[in-house]
Amino acid sequence: MRIATWNVNSVRTRLAQVVDWLQQERPEVLCLQETKVTDDLFPRDAFAALGYQMAISGQKAYNGVAILSSLPLEDVQVGFEALLPEDPEAPGLSEQKRVISALIEGVRVLNLYVPNGSSLRSDKYGYKLAWLACLQRYLAVQAGQGDPLCMVGDFNIAPEDRDIHDPERLTGGIMASALERQALAAALEGRLSDAFRLFEPEAGHWSWWDYRSGAWDRDRGWRIDHIYLSEDLLACATGCVIHKATRGNDQPSDHAPVVVNLAWSAGQDDEDGDGFSDGDGDGPPR
DNA sequence: ATGGCCCCGCATCGGGGA
């Protein structure tokens, strides 16, 4: 099963490019961020024609997330409030459409669009940190449900200096500050691992290039789009790549897709074939 | 040396993103 993530910066403006890429790559799952469209205007037909089901959560002009899947899409959960109904901070944090998840082949696919924060002096930076603290609580609840987790999206954070083209200049600033890096690490809490770094330790691999300053032509990028896997899925990961060629398209998104390949099928953890995963006491004795 | 863009909408500039 291949799971992809792509911040498309308007799904309507980028529709032809997304359709082309899906036809070429045919991932089972594509998670989109910054769809920038209300649910009634989402271009469902174009994706349905390619055989994809959809779970969407959008708003006008800003934000917006969607999950496209050619495999059955079950138990869709929208926003932090789906798992944190009692959290007094979560409702305010969920007014912006940045969180959606679904169960696909027994894998909980969680699609996130983390706030950018604008600058360290902006109120939006405080919002970003509060949002990440909420994500930490959300993931703690999610972990309790026991499903294998694949968390993808635009994290608007370069986790380490090797994820930025010019760490001497940029480390400490927005998307590379200590507080936001710590907040993300705390949310991962040792349970989730960066799939890309399983396969590639070197710097020089970016997923986002600013539209300004000729960043693409100079390859001045950041790796801020990530795929995180729980331990059970980590063992199944056979590759993780950034499709940077899309950034060279005419009228491109400023982000490139990231794709993970998982040697996974539903029920594969059912070792004795009794319809239950082992070790949880639910199955009959062997 | 610095910075240059792009998308949306009650639009033709302003707000916001990254």
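Structure shown above.
Residues numbered from 1 in each chain as written. Chains lettered and ligands numbered in written order. Predicted model: local features only at pLDDT ≥ 70, side-chain atom pairs only at ≥ 80, totals over all residues. Heavy atoms only, no water.

S.K.: So what's going on with the nonpolar core? Which residues, and what values?
M.R.: In terms of nonpolar packing, the biggest core is built from 33 residues, with Ile-3, Ile-67, Cys-150, Ile-227, Leu-229, Val-260 and Leu-262 touching the most fellow members. Once residues within four sequence positions are removed from consideration, Leu-229 is found in contact with Leu-149, Cys-150, Arg-191, Leu-192, Ser-193, Ala-195, Leu-234, Ala-237, Val-260 and Leu-262. By size, the runner-up hydrophobic cluster in this structure holds 25 residues, among which are Leu-83, Ala-90, Val-99 and Leu-192. (Core = buried A, V, L, I, M, F, W, Y, C linked by side-chain atoms within 4.5 Å. Buried < 20%, exposed > 50% of the residue type's maximum accessible area, 1.4 Å probe, protein only. Contact = heavy atoms within 4.5 Å.)

S.K.: Can you lay out helix 6 (residues 178–188) for me, pointing to particular residues and giving the numbers?
M.R.: An α-helix turns once per 3.6 residues; consequently, residues spaced three or four apart project the same way. Residues of helix 6 that are buried: Glu-180, Arg-181, Ala-183, Leu-184, Ala-187 and Leu-188. The buried residues of helix 6 occupy an angular sector of 160° when the element is viewed end-on, so they sit on one face. Of the surrounding elements, those touching the buried residues of helix 6 are helix 4 (123–144), strand 8 (149–154), strand 9 (192–194) and strand 12 (225–230). Positive backbone phi, approximately 50°, marks Glu-189, located one or two places after helix 6. (Helix = DSSP H or I, 4+ residues; strand = E, 2+ residues; numbered from the N terminus. Arc of directions from axis to C-beta.)

S.K.: Describe in detail the protein's contact with DNA strand B, supporting the description with residues and values.
M.R.: Near DNA strand B, the surroundings consist of 23 residues, among which Ser-10, Glu-34, Tyr-113, Trp-208 and Arg-212 are the closest. Within 4 Å of the protein, the atoms of DNA strand B are drawn from sugar and phosphate moieties in a proportion of 65%. Contacts to DNA strand B include Ser-10, whose side-chain N or O atom sits 2.4 Å from a phosphate oxygen. Residue Trp-208 places a side-chain N or O atom 2.9 Å away from a sugar or linking oxygen belonging to DNA strand B. Split into classes, the residues belonging to the surface near DNA strand B amount to six nonpolar, nine polar and eight charged. (Near = heavy atom within 4 Å. Polar contact = N/O pair within 3.5 Å; in protein donor to acceptor, adjacent residues only side chain to side chain. Nonpolar A, V, L, I, M, F, W, Y, C, P; charged D, E, K, R; others polar.)

S.K.: Pulling in residues and values, what's your account of the pattern of salt bridges?
M.R.: Pairing between side chains of opposite charge can happen when the charged atoms of each approach one another. Here the structure, examined in full by the defined rule, presents 13 salt bridges. Glu-25 is paired through a salt bridge with Arg-2; the nearest N and O atoms lie 3.5 Å apart. Here Arg-2 lies in strand 1 (residues 2–7) and Glu-25 lies in helix 1 (residues 15–25), a separation of 23 residues in the sequence. On the basis of relative accessibility, which here comes to 24%, the residue Glu-25 falls in the partly exposed class. (Salt bridge = Lys/Arg side-chain N within 4 Å of Asp/Glu carboxyl O.)

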